[in-house]
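Residue strings, one per chain:
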Amino acid sequence: MNFLKALFGGKDENPEEKRQAEEAKNFEILKYDGVKALKIRQWQQAIRCLSHALSIREDLECRDYLSQALIQDNQLTAAYEELQKLHEAEPDNQEILQRMANVAFVMEDYGAMASSCEKALLISKDNPEIYYLYGRACMGQEDLTNAIAMFTKAISLNEDYGDAYLMRAGVMLQRGEVEAAEQDCQWLLERASSVEDVLILKAKVETAKGNHSEALSYYDKVIEGNPFSIEGFTLRAELKKQMGDQQGAEADLARLREINPEGNDEDLEQKMNEAYKNSNPMGL
């Protein structure tokens with residue numbers, strides 16, 4: 001037998017080479033199936049396949065796909081851990097740090113969010129999105145001064161950054177800087193006058209100025225545009241209550257119960273008090 005193999009060029013199959021070939025084949029199949037499952041929104045199947053593939057071989061692209069599947073499946077801590085591994089492998093990749101900041105924001109881990117932004121800025125200081133995320137992290141940590149500074153920097157890099165204007169105006173209102181907030185609000189109204197968040201911001205500005213009737217008209221616009229706006233009804237109900245329109249406030253509360261039947265009266269009252277406090281920071 002050995003003589004025939006030698007004569008015709010045959011050789012014994014190497015067991016290690018066979019094992020490696022089998023592993024490579026399995027890895028490619030699992031990765032392909034995982035990506036396919038990810039594309040058709042079968043998150044848990046994607047997680048199983050991609051995790052199994054990574055147990056065979058380290059692969060950054062595969063780990064990236066896994067982080068995406070974990071985010072979609074709301075396994076945020078696990079997703080953050082995968083992103084951390086990607087960051088360790090590619091420490092100069094700002095996009096990974098940006099994604100880490102976004103995941104940390106959803107987790108409400110504002111310390112981790114700020115840390116990711118700080119690391120991202122060491123790579124490049126020209127990305128307005130990083131400053132915006134840093135501003136959100138500062139807000140979460142109740143550092144309103146730095147939040148304004150970060151949103152301002154984001155706007156300086158992108159003068160059309162509407163979300164940064166919106167966030168900056170909200171923080172300014174919290175600090176009682178009504179005139180400055182109104183300037184940002186006016187910028188937004190000139191460009192997005194039908195956007196719900198902008199209309200609510202305008203109503204809050206008018207409330208802070210003591211212009212309750214004007215504020216009420218903007219809440220009316222919010223609800224006309226979105227009859228299911230929980231924030232709109234909550235704020236309008238509280239404003240009507242402050243204006244002495246108890247019947248109107250009760251009507252809005254009744255509508256809130258229809259929209260959000262799982263809520264109870266205590267929840268509604270707490271939400272109303274919080275909403276009014278946020279819209280009227282100076283107690284006017």
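Predicted model only: the values in this text are computed from it and were never measured.

Draft legend 1. Spatial organisation of the overall build of the protein chain. Helices and strands together make up the secondary structure of the protein chain, namely 16 helices and 0 strands. The buried share of the protein chain, taken over its 284 residues, is 42%. Once local pairs closer than 6 in sequence are excluded, the contacts in the protein chain between residues at least 24 apart make up 48%. Counting every atom, the protein chain has about 15900 Å² of accessible surface; 47% of that belongs to carbon and sulfur.

Draft legend 2. Seen up close, the nonpolar core. In this structure, Tyr132, Tyr134, Leu173, Leu188 and Leu201 are the most contacted members of the largest nonpolar core, which totals 49 residues. Listing elements by their share of this core, those giving two or more residues are helix 5 (76-89), helix 6 (94-107), helix 7 (110-123), helix 8 (128-140), helix 9 (144-157), helix 10 (162-174), helix 11 (178-191) and helix 12 (196-208). The element contributing the most residues to this core is helix 10, with 8 residues. Excluding residues within four positions of it along the chain, tyrosine 132 makes contact with Phe151, Ala154, Tyr161, Asp163, Ala164 and Met167. Core analysis: the second largest hydrophobic core is formed by 15 residues, Leu38, Ile47, Leu50 and Ala53 among them.

Draft legend 3. Quick look at helix 12. For helix 12, built from 13 residues, the straight-helix expectation of 18 Å at 1.5 Å per residue is met to within 8% by its first-to-last C-alpha distance of 18 Å. The buried fraction of helix 12 is high, at 11 of 13 residues. Turning to helix 12, its buried residues are Val198, Leu199, Ile200, Leu201, Lys202, Ala203, Lys204, Val205, Glu206, Thr207 and Ala208. Positive backbone phi, at 85°, marks glycine 210, one or two positions downstream of helix 12.

Draft legend 4. The arrangement of the packing of aromatic side chains in detail. Under the counting rule described, the total for this entry stands at 4 aromatic pairs. Site record: aromatic cluster; members linked through ring pairs are Tyr132, Phe151 and Tyr161. Its end group placed over the ring of phenylalanine 27, arginine 57 keeps NZ or CZ at 4.5 Å from the ring centre. Sitting above the plane of the tyrosine 218 ring, lysine 221 keeps its charged end 4.5 Å from the centroid.

Reading guide: rules and limits
- Residues numbered from 1 in each chain as written.
- Predicted model: local features only at pLDDT ≥ 70, side-chain atom pairs only at ≥ 80, totals over all residues.
- Heavy atoms only, no water.
- Helix = DSSP H or I, 4+ residues; strand = E, 2+ residues; numbered from the N terminus.
- Buried < 20%, exposed > 50% of the residue type's maximum accessible area, 1.4 Å probe, protein only.
- Contact = heavy atoms within 4.5 Å.
- Areas by Shrake-Rupley, 256 points an atom, 1.4 Å probe, with all protein chains shown as cover.
- Core = buried A, V, L, I, M, F, W, Y, C linked by side-chain atoms within 4.5 Å.
- Expected span 1.5 Å × (residues − 1).
- Phe/Tyr/Trp six-rings, centres within 6.5 Å; stacked < 30°, edge-to-face > 60°.
- Lys NZ or Arg CZ within 6 Å of the ring centre and 35° of its normal.

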